[in-house]
Amino acid sequence: MKKLFPKKQRPIKKLLLAGAGHAHIGLLRRLARKRLDTLQEVEVSVITEHPQTIYSGMLPGWMASHYKRSEISIDIAALCRRAGVMLIQRPIIAVDADTQTVITVKNAKDAKNAKDERFDYELLSLNTGADTDMTWLNTDGLVNEDLIDKDLADKNLKNTVIPVRPIFNFVEQWQQILKQAEQVSDYKVAVVGAGAAATELVMAAQFALQQINPSHQAYLVCGEQLLSGFDAGFRSRVIKQLQRRNIEIIYERAKGLAGGKLATSKQTLAADATIAATGVMGSAWAAQTNLETVDKGFIAVNDKQQSTSHDNVFAVGDVASRVDREMAHSGVHAVFGGKVEADNLLAYLVGDKLKSYRPKNRTLYLLACGDKYAIGSWGNFSAQGCWIWYLKRYIDKRFVNAK
Ligand SMILES: Cc1cc2nc3c(=O)[nH]c(=O)nc-3n(C[C@H](O)[C@H](O)[C@H](O)COP(=O)(O)OP(=O)(O)OC[C@H]3O[C@@H](n4cnc5c(N)ncnc54)[C@H](O)[C@@H]3O)c2cc1C
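J.: Go over the confidence of the model for the protein chain, please, and point to the residues and values.
T.: Confidence in the prediction of the protein chain, expressed as mean pLDDT, is 90, and 92% of residues score 70 or more. Scored below 50 in pLDDT, residues 1-10 shows 4 contacts in the model against residues more than four places distant or in partner chains. Ignoring residues within four places in sequence, the model shows residues 139-154, a span with pLDDT below 50, making 29 contacts including any to other chains.

J.: Talk me through the sheet that holds strand β13 (residues 217-221); I want residue IDs and the actual numbers.
T.: Pairing in this open sheet of 5 strands is parallel, and the strands run β11-β18-β12-β13-β14 from one edge to the other. With partners counted over all chains shown, the strands left at the sheet margins are β11 (161-163) and β14 (249-250), one partner each. Strand contacts of helix α4 (residues 167-183): β11, β12 (188-192) and β18 (273-276), with the helix running at about 140 degrees to β11, the strand carrying the most contacts.

J.: Describe the packing of aromatic side chains, listing the residues and the values that go with them.
T.: Inspection of the entire model under this criterion finds 6 aromatic pairs. When the ring of Phe 230 is compared with that of Tyr 365, the centres are 5.6 Å apart and the planes differ by 85 degrees; the resulting orientation is edge-to-face. Pair noted here: Phe 230 is in the loop between β13 and α6 (232-244) and Tyr 365 is in strand β24 (residues 364-368), with a separation of 135 residues, a long-range link. For Phe 230, a relative accessible area of 23% corresponds to the partly exposed category. According to the relative accessible area criterion, Tyr 365 is partly exposed, its value standing at 28%. On the numbers, 5.8 Å between centres and 75 degrees between planes, the contact of Phe 314 with Tyr 348 is edge-to-face.

J.: Can you lay out the domain arrangement of the protein chain for me, pointing to particular residues and giving the numbers?
T.: Looking at the assigned domains, one finds that the protein chain contains domain 1 (12-130 + 282-350) and domain 2 (135-279). Taken residue by residue, the interface counts 14 residues in domain 1 and 16 residues in domain 2. Here domain 1 packs against domain 2, burying approximately 1,400 Å² in sum over the two surfaces, 73% of which is carbon and sulfur. It is Trp 62, Met 63 and Arg 69 in domain 1 that bury the most area against domain 2; as a group they hold 37% of the surface buried on that side. Applying the counting criterion to the domain 1 and domain 2 interface returns 1 salt bridge.

J.: I'd love a proper account of the packing of α4 against helix α5 (residues 196-212), names of residues and values included.
T.: Viewed as axis vectors pointing N to C, α4 and α5 meet at an angle of 35 degrees, and their least axial separation amounts to 9 Å. α4 and α5 meet at a crossing whose hand is right-handed. Where α4 abuts α5, its residues Trp 174, Leu 178, Ala 181 and Glu 182 lie against Ala 205, Ala 208, Leu 209 and Ile 212. For the contact of α4 with α5, the per-class residue count stands at 7 nonpolar, no polar and 1 charged.

J.: Which residues make up the site of the ligand, and what are the values?
T.: Inspection of the region around the ligand gives 30 residues, with His 22, Ser 56, Ile 92, Arg 165 and Asp 318 positioned closest. Here an oxygen atom of the ligand and a side-chain polar atom of Asn 127 are 3.0 Å apart. A distance of 2.7 Å is found between an oxygen atom of the ligand and a side-chain nitrogen or oxygen belonging to Arg 165. Considered on its own, the ligand offers 1,000 Å² of accessible surface; in the complex 87% of this is hidden by protein. Among the elements of the structure, α5 and α7 (331-350) are those that each provide at least two residues to the shell around the ligand. Counting the residues that make up the shell around the ligand, at least three belong to each of domain 1 (12-130 + 282-350) and domain 2 (135-279).

J.: An account of the sheet that holds strand β8 (residues 115-120) is needed here, citing residue identities and associated values.
T.: If you walk across this open sheet you meet the 3 strands as β6-β7-β8, and the pairing is antiparallel. What marks the edges here is a single partner per strand, and that holds for β6 (92-96) and β8. Geometrically, the sheet is characterised by an average inter-axis angle of 25 degrees between neighbouring strands, direction not taken into account.

J.: I'd like a description of the pairing of β24, backed by residues and values.
T.: Where β24 meets strand β25 (residues 374-378), 5 bridges bridge the pair, whose relative direction is antiparallel. Residue pairing for β25: Leu 364 is matched across the bridge by Trp 378. Taken together, β24 and the strand that follows it, β25, pair antiparallel across an intervening segment of 5 residues, in which Gly 370 is found at a positive phi of about 100 degrees.

Conventions used here
Residues numbered from 1 in each chain as written. Predicted model: local features only at pLDDT ≥ 70, side-chain atom pairs only at ≥ 80, totals over all residues. Heavy atoms only, no water. pLDDT = per-residue confidence, 0-100. Contact = heavy atoms within 4.5 Å. Pairing = 2+ DSSP bridges. Helix = DSSP H or I, 4+ residues; strand = E, 2+ residues; numbered from the N terminus. Axes fitted to C-alpha atoms, helices over the stretch in contact; angles between N-to-C directions. Phe/Tyr/Trp six-rings, centres within 6.5 Å; stacked < 30°, edge-to-face > 60°. Buried < 20%, exposed > 50% of the residue type's maximum accessible area, 1.4 Å probe, protein only. Domains from an automatic or database assignment. Buried area = accessible area lost by both parts, 1.4 Å probe. Salt bridge = Lys/Arg side-chain N within 4 Å of Asp/Glu carboxyl O. Left-handed = near helix turned anticlockwise from the far one by under 90°. Nonpolar A, V, L, I, M, F, W, Y, C, P; charged D, E, K, R; others polar. Near = heavy atom within 4 Å. Polar contact = N/O pair within 3.5 Å; in protein donor to acceptor, adjacent residues only side chain to side chain. Areas by Shrake-Rupley, 256 points an atom, 1.4 Å probe, with all protein chains shown as cover.

See the structure below:
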(Lines give C-alpha, C1' and ligand atoms only; values in the text may rest on other atoms or scores of the structure.)
Protein backbone atom coordinates (compact mmCIF):
# COMPACT_ATOMS: atom_id res chain seq x y z
CA MET A 1 0.00 0.00 0.00
CA LYS A 2 1.22 3.48 -0.84
CA LYS A 3 2.22 5.55 2.16
CA LEU A 4 0.16 8.67 2.70
CA PHE A 5 3.28 10.78 3.16
CA PRO A 6 6.36 9.11 1.62
CA LYS A 7 9.33 10.31 3.65
CA LYS A 8 10.69 12.82 1.10
CA GLN A 9 7.37 14.49 0.45
CA ARG A 10 6.24 14.59 4.04
CA PRO A 11 5.24 18.15 4.77
CA ILE A 12 7.46 19.94 7.25
CA LYS A 13 5.42 20.46 10.32
CA LYS A 14 5.49 23.77 12.07
CA LEU A 15 5.48 23.75 15.84
CA LEU A 16 4.99 27.18 17.32
CA LEU A 17 5.75 27.79 20.98
CA ALA A 18 3.90 30.94 22.09
CA GLY A 19 5.37 32.58 25.20
CA ALA A 20 8.51 31.66 27.10
CA GLY A 21 6.98 30.53 30.37
CA HIS A 22 8.13 27.69 32.64
CA ALA A 23 6.91 24.90 30.33
CA HIS A 24 8.59 26.17 27.18
CA ILE A 25 11.80 26.89 29.08
CA GLY A 26 11.75 23.21 30.12
CA LEU A 27 11.20 22.03 26.54
CA LEU A 28 13.89 24.35 25.12
CA ARG A 29 16.38 23.09 27.72
CA ARG A 30 15.53 19.54 26.71
CA LEU A 31 16.19 20.42 23.05
CA ALA A 32 19.43 22.20 23.95
CA ARG A 33 20.66 19.03 25.70
CA LYS A 34 19.62 16.60 22.99
CA ARG A 35 18.13 16.89 19.51
CA LEU A 36 14.93 14.85 19.50
CA ASP A 37 14.27 12.48 16.62
CA THR A 38 10.59 13.38 16.62
CA LEU A 39 11.47 16.96 15.79
CA GLN A 40 13.93 16.18 12.98
CA GLU A 41 11.60 17.38 10.28
CA VAL A 42 9.75 19.89 12.34
CA GLU A 43 10.37 23.62 12.23
CA VAL A 44 10.19 24.84 15.82
CA SER A 45 9.84 28.57 16.63
CA VAL A 46 9.27 30.54 19.81
CA ILE A 47 7.28 33.76 19.80
CA THR A 48 7.73 35.76 22.96
CA GLU A 49 7.61 39.40 23.91
CA HIS A 50 10.94 39.79 25.71
CA PRO A 51 14.34 38.16 25.22
CA GLN A 52 14.36 37.23 28.91
CA THR A 53 11.82 35.70 31.25
CA ILE A 54 11.90 36.97 34.83
CA TYR A 55 11.38 34.20 37.35
CA SER A 56 8.47 35.22 39.62
CA GLY A 57 9.59 33.03 42.53
CA MET A 58 12.68 35.21 42.97
CA LEU A 59 10.97 38.55 42.34
CA PRO A 60 10.40 39.38 46.05
CA GLY A 61 14.07 38.51 46.73
CA TRP A 62 15.12 40.91 43.97
CA MET A 63 12.86 43.66 45.39
CA ALA A 64 14.58 43.18 48.75
CA SER A 65 18.02 43.42 47.01
CA HIS A 66 19.05 39.83 47.76
CA TYR A 67 19.45 39.19 44.03
CA LYS A 68 20.59 41.15 41.01
CA ARG A 69 18.22 41.32 38.07
CA SER A 70 20.50 39.05 36.03
CA GLU A 71 20.17 36.37 38.75
CA ILE A 72 16.38 36.19 38.39
CA SER A 73 16.29 36.31 34.57
CA ILE A 74 16.39 33.43 32.13
CA ASP A 75 18.02 34.34 28.83
CA ILE A 76 15.53 33.07 26.25
CA ALA A 77 17.51 34.31 23.25
CA ALA A 78 20.59 32.31 24.33
CA LEU A 79 18.45 29.28 25.16
CA CYS A 80 16.81 29.34 21.70
CA ARG A 81 20.25 29.51 20.09
CA ARG A 82 21.42 26.49 22.09
CA ALA A 83 18.24 24.61 21.25
CA GLY A 84 18.53 25.44 17.54
CA VAL A 85 15.11 27.09 17.58
CA MET A 86 14.09 30.34 15.90
CA LEU A 87 13.15 33.19 18.25
CA ILE A 88 10.54 35.68 17.10
CA GLN A 89 10.50 38.54 19.56
CA ARG A 90 7.01 40.02 19.32
CA PRO A 91 3.92 40.49 21.48
CA ILE A 92 1.10 38.17 20.53
CA ILE A 93 -2.18 40.04 20.11
CA ALA A 94 -4.50 37.33 18.81
CA VAL A 95 -4.74 33.67 17.86
CA ASP A 96 -6.99 32.52 15.02
CA ALA A 97 -7.21 28.80 15.60
CA ASP A 98 -9.48 28.22 12.57
CA THR A 99 -6.87 29.51 10.12
CA GLN A 100 -4.01 28.29 12.39
CA THR A 101 -2.41 31.70 12.73
CA VAL A 102 -0.83 33.63 15.56
CA ILE A 103 -1.06 37.39 15.10
CA THR A 104 1.74 39.55 16.47
CA VAL A 105 2.85 43.17 16.15
CA LYS A 106 6.07 44.13 14.42
CA ASN A 107 7.73 47.29 15.80
CA ALA A 108 5.22 47.33 18.68
CA LYS A 109 6.98 50.22 20.43
CA ASP A 110 6.99 52.50 17.40
CA ALA A 111 3.34 53.48 16.81
CA LYS A 112 4.01 54.87 13.30
CA ASN A 113 5.71 51.75 11.98
CA ALA A 114 3.88 49.13 14.01
CA LYS A 115 2.08 46.57 11.89
CA ASP A 116 0.44 43.21 12.35
CA GLU A 117 2.42 40.18 11.37
CA ARG A 118 1.02 36.65 11.10
CA PHE A 119 2.70 33.34 11.76
CA ASP A 120 1.06 30.12 10.78
CA TYR A 121 1.40 26.80 12.56
CA GLU A 122 0.32 23.21 12.36
CA LEU A 123 0.78 22.60 16.05
CA LEU A 124 0.60 25.37 18.65
CA SER A 125 1.66 25.38 22.30
CA LEU A 126 0.54 28.28 24.48
CA ASN A 127 2.55 29.22 27.58
CA THR A 128 2.10 32.99 27.78
CA GLY A 129 1.12 33.24 31.45
CA ALA A 130 -1.68 35.56 32.56
CA ASP A 131 -2.38 39.16 33.53
CA THR A 132 -3.18 40.48 37.00
CA ASP A 133 -6.91 40.45 37.60
CA MET A 134 -7.81 44.15 37.83
CA THR A 135 -11.58 43.74 37.72
CA TRP A 136 -11.81 44.80 41.40
CA LEU A 137 -11.01 48.34 40.30
CA ASN A 138 -14.30 48.69 38.50
CA THR A 139 -16.62 47.50 41.25
CA ASP A 140 -18.09 50.90 42.16
CA GLY A 141 -17.02 52.79 39.09
CA LEU A 142 -14.61 54.70 41.36
CA VAL A 143 -11.75 54.38 38.96
CA ASN A 144 -11.66 54.02 35.23
CA GLU A 145 -9.52 51.87 32.98
CA ASP A 146 -7.03 54.69 32.39
CA LEU A 147 -5.54 53.94 35.78
CA ILE A 148 -4.47 50.49 34.71
CA ASP A 149 -1.47 51.49 32.74
CA LYS A 150 1.22 48.98 32.00
CA ASP A 151 3.58 51.45 30.40
CA LEU A 152 3.89 54.23 32.92
CA ALA A 153 7.54 55.13 32.85
CA ASP A 154 6.92 58.85 33.25
CA LYS A 155 3.60 58.87 35.02
CA ASN A 156 2.65 59.82 38.54
CA LEU A 157 2.56 56.60 40.55
CA LYS A 158 0.00 58.12 42.95
CA ASN A 159 -2.69 57.87 40.31
CA THR A 160 -1.88 54.48 38.90
CA VAL A 161 -2.34 50.97 40.18
CA ILE A 162 0.70 48.87 39.33
CA PRO A 163 -0.15 45.26 38.49
CA VAL A 164 2.52 42.70 39.40
CA ARG A 165 1.91 41.06 36.03
CA PRO A 166 3.34 41.39 33.44
CA ILE A 167 6.41 41.04 35.66
CA PHE A 168 8.69 42.59 33.03
CA ASN A 169 6.82 45.91 33.44
CA PHE A 170 6.55 45.59 37.20
CA VAL A 171 10.33 45.36 37.51
CA GLU A 172 10.69 48.77 35.83
CA GLN A 173 7.96 50.28 38.00
CA TRP A 174 9.39 48.96 41.26
CA GLN A 175 12.64 50.77 40.46
CA GLN A 176 10.63 53.94 40.01
CA ILE A 177 8.96 53.42 43.40
CA LEU A 178 12.37 53.14 45.07
CA LYS A 179 13.58 56.31 43.32
CA GLN A 180 10.57 58.24 44.61
CA ALA A 181 10.96 56.78 48.12
CA GLU A 182 14.55 58.05 48.19
CA GLN A 183 13.34 61.61 47.67
CA VAL A 184 10.84 61.93 50.55
CA SER A 185 10.82 61.30 54.29
CA ASP A 186 7.50 59.47 54.52
CA TYR A 187 6.48 57.10 51.73
CA LYS A 188 3.63 54.62 51.70
CA VAL A 189 3.16 51.61 49.47
CA ALA A 190 -0.16 49.76 49.48
CA VAL A 191 -0.22 46.15 48.30
CA VAL A 192 -3.67 44.89 47.33
CA GLY A 193 -4.21 41.13 47.34
CA ALA A 194 -4.81 38.20 49.65
CA GLY A 195 -2.70 35.37 48.25
CA ALA A 196 0.85 34.18 48.81
CA ALA A 197 2.22 36.53 46.13
CA ALA A 198 0.67 39.61 47.81
CA THR A 199 2.07 38.68 51.23
CA GLU A 200 5.54 38.06 49.79
CA LEU A 201 5.40 41.36 47.90
CA VAL A 202 4.33 43.42 50.92
CA MET A 203 7.10 41.94 53.08
CA ALA A 204 9.68 42.55 50.35
CA ALA A 205 8.39 46.11 49.89
CA GLN A 206 8.55 46.79 53.64
CA PHE A 207 12.10 45.45 53.86
CA ALA A 208 13.29 47.52 50.88
CA LEU A 209 11.51 50.72 51.95
CA GLN A 210 12.84 50.55 55.48
CA GLN A 211 16.39 50.20 54.19
CA ILE A 212 15.84 53.63 52.64
CA ASN A 213 14.05 55.23 55.58
CA PRO A 214 12.63 53.51 58.69
CA SER A 215 9.55 55.73 58.58
CA HIS A 216 8.55 54.46 55.13
CA GLN A 217 5.75 51.94 55.30
CA ALA A 218 4.15 49.16 53.26
CA TYR A 219 0.70 47.81 54.13
CA LEU A 220 -1.60 45.10 52.88
CA VAL A 221 -5.24 45.48 51.83
CA CYS A 222 -6.58 41.94 51.59
CA GLY A 223 -10.38 41.87 51.70
CA GLU A 224 -12.15 39.65 54.23
CA GLN A 225 -9.59 36.84 54.39
CA LEU A 226 -5.90 36.33 53.90
CA LEU A 227 -4.44 33.15 52.33
CA SER A 228 -7.81 31.44 52.22
CA GLY A 229 -6.62 28.37 50.28
CA PHE A 230 -3.87 27.57 52.79
CA ASP A 231 -3.73 25.51 55.97
CA ALA A 232 -4.60 27.44 59.20
CA GLY A 233 -1.15 26.81 60.75
CA PHE A 234 0.62 28.29 57.73
CA ARG A 235 -1.75 31.27 57.64
CA SER A 236 -1.16 32.05 61.30
CA ARG A 237 2.63 31.88 60.83
CA VAL A 238 2.41 34.35 57.92
CA ILE A 239 0.19 36.76 59.86
CA LYS A 240 2.66 36.70 62.78
CA GLN A 241 5.54 37.52 60.46
CA LEU A 242 3.59 40.39 58.91
CA GLN A 243 2.90 41.75 62.40
CA ARG A 244 6.51 41.28 63.48
CA ARG A 245 7.53 43.45 60.54
CA ASN A 246 4.98 46.14 61.51
CA ILE A 247 2.96 45.62 58.36
CA GLU A 248 -0.63 46.67 58.85
CA ILE A 249 -3.16 44.19 57.46
CA ILE A 250 -6.38 45.89 56.42
CA TYR A 251 -9.22 43.38 56.09
CA GLU A 252 -11.23 45.51 53.68
CA ARG A 253 -11.83 45.37 49.94
CA ALA A 254 -9.88 47.87 47.89
CA LYS A 255 -12.12 49.52 45.31
CA GLY A 256 -10.35 52.36 43.64
CA LEU A 257 -7.61 54.93 43.63
CA ALA A 258 -7.69 58.69 43.16
CA GLY A 259 -5.16 61.41 43.94
CA GLY A 260 -2.96 59.23 46.14
CA LYS A 261 -5.94 57.86 48.10
CA LEU A 262 -6.78 54.20 47.97
CA ALA A 263 -10.49 53.72 48.56
CA THR A 264 -11.59 50.58 50.40
CA SER A 265 -15.07 49.42 51.32
CA LYS A 266 -14.83 51.51 54.55
CA GLN A 267 -12.24 54.27 54.25
CA THR A 268 -9.63 56.01 52.12
CA LEU A 269 -5.96 55.37 52.78
CA ALA A 270 -2.89 57.36 51.80
CA ALA A 271 -0.81 55.57 49.14
CA ASP A 272 2.16 56.95 47.22
CA ALA A 273 2.16 53.77 45.16
CA THR A 274 -0.33 50.91 44.93
CA ILE A 275 0.67 47.43 43.80
CA ALA A 276 -1.95 44.88 42.79
CA ALA A 277 -1.39 41.14 43.24
CA THR A 278 -5.07 40.34 42.97
CA GLY A 279 -5.01 36.97 41.25
CA VAL A 280 -4.91 36.32 37.53
CA MET A 281 -7.12 36.72 34.49
CA GLY A 282 -6.57 35.75 30.86
CA SER A 283 -4.05 37.88 28.96
CA ALA A 284 -5.30 40.55 26.57
CA TRP A 285 -4.66 38.37 23.49
CA ALA A 286 -7.02 35.70 24.86
CA ALA A 287 -9.91 38.13 24.28
CA GLN A 288 -9.00 37.96 20.57
CA THR A 289 -9.19 34.26 19.89
CA ASN A 290 -11.68 31.69 18.69
CA LEU A 291 -10.19 29.05 20.98
CA GLU A 292 -12.66 28.08 23.68
CA THR A 293 -12.07 30.06 26.88
CA VAL A 294 -13.45 29.74 30.40
CA ASP A 295 -13.72 31.82 33.59
CA LYS A 296 -11.88 35.11 33.17
CA GLY A 297 -10.48 34.43 29.71
CA PHE A 298 -8.35 31.30 30.24
CA ILE A 299 -7.85 28.81 27.40
CA ALA A 300 -10.02 25.78 28.17
CA VAL A 301 -7.98 22.55 28.19
CA ASN A 302 -8.64 18.90 28.98
CA ASP A 303 -6.53 16.57 31.17
CA LYS A 304 -3.95 16.33 28.34
CA GLN A 305 -3.54 20.13 28.40
CA GLN A 306 -5.13 20.14 24.94
CA SER A 307 -7.58 22.82 23.83
CA THR A 308 -11.19 21.69 24.17
CA SER A 309 -12.05 23.36 20.86
CA HIS A 310 -8.98 22.78 18.64
CA ASP A 311 -7.01 19.49 18.79
CA ASN A 312 -3.78 20.95 17.46
CA VAL A 313 -3.49 23.54 20.23
CA PHE A 314 -2.07 22.78 23.66
CA ALA A 315 -1.86 25.23 26.56
CA VAL A 316 -0.25 25.06 29.98
CA GLY A 317 0.52 27.24 32.99
CA ASP A 318 -1.40 30.38 33.92
CA VAL A 319 -2.78 30.86 30.38
CA ALA A 320 -4.93 27.73 30.66
CA SER A 321 -7.75 26.37 32.83
CA ARG A 322 -8.54 22.68 33.11
CA VAL A 323 -12.19 21.88 32.48
CA ASP A 324 -12.07 18.48 34.21
CA ARG A 325 -10.84 19.65 37.63
CA GLU A 326 -10.10 22.66 39.82
CA MET A 327 -6.44 23.56 39.59
CA ALA A 328 -4.79 26.69 40.95
CA HIS A 329 -2.78 28.87 38.60
CA SER A 330 0.73 28.37 39.92
CA GLY A 331 4.31 27.96 38.80
CA VAL A 332 4.31 24.38 40.10
CA HIS A 333 1.62 23.34 37.59
CA ALA A 334 3.35 25.30 34.83
CA VAL A 335 6.51 23.24 35.45
CA PHE A 336 5.05 19.78 36.11
CA GLY A 337 2.10 20.20 33.74
CA GLY A 338 4.60 21.60 31.25
CA LYS A 339 6.58 18.34 31.21
CA VAL A 340 3.47 16.35 30.36
CA GLU A 341 2.34 18.95 27.84
CA ALA A 342 5.73 18.82 26.08
CA ASP A 343 5.53 15.02 25.87
CA ASN A 344 2.04 15.38 24.43
CA LEU A 345 3.24 17.81 21.75
CA LEU A 346 5.84 15.26 20.66
CA ALA A 347 3.31 12.42 20.82
CA TYR A 348 0.80 14.43 18.76
CA LEU A 349 3.36 14.96 15.99
CA VAL A 350 3.73 11.21 15.47
CA GLY A 351 0.16 10.22 16.32
CA ASP A 352 1.04 8.54 19.67
CA LYS A 353 -1.25 8.34 22.68
CA LEU A 354 -1.43 11.47 24.81
CA LYS A 355 -0.78 11.45 28.58
CA SER A 356 -2.87 12.96 31.30
CA TYR A 357 -1.41 15.53 33.76
CA ARG A 358 -2.42 14.49 37.27
CA PRO A 359 -1.11 17.01 39.79
CA LYS A 360 0.09 15.76 43.16
CA ASN A 361 -2.26 16.31 46.10
CA ARG A 362 0.30 18.34 48.01
CA THR A 363 2.76 20.91 46.75
CA LEU A 364 5.63 22.60 48.52
CA TYR A 365 5.13 26.33 48.96
CA LEU A 366 7.96 28.52 50.25
CA LEU A 367 7.03 32.09 51.13
CA ALA A 368 9.81 34.67 51.54
CA CYS A 369 9.38 37.22 54.34
CA GLY A 370 11.42 40.14 53.01
CA ASP A 371 14.61 39.52 54.96
CA LYS A 372 16.42 36.18 54.57
CA TYR A 373 13.65 34.31 56.36
CA ALA A 374 10.88 32.16 54.91
CA ILE A 375 7.86 30.04 55.79
CA GLY A 376 7.27 26.68 54.15
CA SER A 377 4.08 24.70 53.72
CA TRP A 378 3.61 21.08 52.63
CA GLY A 379 0.00 19.99 52.99
CA ASN A 380 -0.87 20.45 56.68
CA PHE A 381 2.77 20.71 57.71
CA SER A 382 4.45 24.11 57.99
CA ALA A 383 7.78 25.41 59.30
CA GLN A 384 9.76 28.62 59.25
CA GLY A 385 13.27 30.00 59.64
CA CYS A 386 16.33 31.31 57.86
CA TRP A 387 17.08 27.76 56.68
CA ILE A 388 13.81 27.74 54.70
CA TRP A 389 14.91 30.91 52.95
CA TYR A 390 18.19 29.22 51.99
CA LEU A 391 16.29 26.13 50.86
CA LYS A 392 14.07 28.36 48.71
CA ARG A 393 17.13 30.11 47.29
CA TYR A 394 18.69 26.74 46.43
CA ILE A 395 15.54 25.50 44.66
CA ASP A 396 14.94 28.81 42.83
CA LYS A 397 18.55 29.13 41.68
CA ARG A 398 18.56 25.55 40.49
CA PHE A 399 15.56 26.32 38.29
CA VAL A 400 16.93 29.57 36.88
CA ASN A 401 20.44 28.23 36.23
CA ALA A 402 19.49 24.78 34.91
CA LYS A 403 21.01 23.88 31.54
C1 LIG B 1 5.52 37.53 43.35
C2 LIG B 1 5.09 36.19 42.87
C3 LIG B 1 5.63 35.06 43.46
C4 LIG B 1 5.22 33.80 43.06
N5 LIG B 1 5.78 32.70 43.65
C6 LIG B 1 5.37 31.47 43.29
C7 LIG B 1 5.93 30.31 43.91
O8 LIG B 1 6.80 30.43 44.79
N9 LIG B 1 5.49 29.09 43.51
C10 LIG B 1 4.52 28.94 42.54
O11 LIG B 1 4.16 27.81 42.20
N12 LIG B 1 3.98 30.02 41.92
C13 LIG B 1 4.38 31.27 42.28
N14 LIG B 1 3.83 32.37 41.66
C15 LIG B 1 2.88 32.16 40.56
C16 LIG B 1 3.70 31.91 39.30
O17 LIG B 1 4.47 33.04 39.06
C18 LIG B 1 2.86 31.70 38.04
O19 LIG B 1 1.88 30.76 38.28
C20 LIG B 1 3.79 31.23 36.91
O21 LIG B 1 4.73 32.24 36.60
C22 LIG B 1 3.03 30.88 35.66
O23 LIG B 1 3.98 30.43 34.74
P24 LIG B 1 3.71 30.36 33.19
O25 LIG B 1 4.74 29.45 32.67
O26 LIG B 1 2.30 30.04 32.93
O27 LIG B 1 3.91 31.86 32.66
P28 LIG B 1 4.97 32.99 32.96
O29 LIG B 1 6.04 32.55 33.87
O30 LIG B 1 4.17 34.17 33.35
O31 LIG B 1 5.63 33.25 31.54
C32 LIG B 1 4.90 33.77 30.45
C33 LIG B 1 5.82 34.07 29.28
O34 LIG B 1 5.08 34.46 28.15
C35 LIG B 1 5.51 35.74 27.66
N36 LIG B 1 4.32 36.46 27.21
C37 LIG B 1 3.29 36.87 27.96
N38 LIG B 1 2.37 37.50 27.20
C39 LIG B 1 2.84 37.47 25.94
C40 LIG B 1 2.34 37.96 24.69
N41 LIG B 1 1.17 38.58 24.57
N42 LIG B 1 3.10 37.77 23.59
C43 LIG B 1 4.28 37.12 23.66
N44 LIG B 1 4.78 36.65 24.81
C45 LIG B 1 4.08 36.82 25.94
C46 LIG B 1 6.16 36.41 28.87
O47 LIG B 1 7.07 37.40 28.48
C48 LIG B 1 6.81 35.20 29.54
O49 LIG B 1 8.01 34.88 28.91
C50 LIG B 1 4.23 33.65 42.05
C51 LIG B 1 3.69 34.80 41.45
C52 LIG B 1 4.12 36.06 41.84
C53 LIG B 1 3.53 37.26 41.18
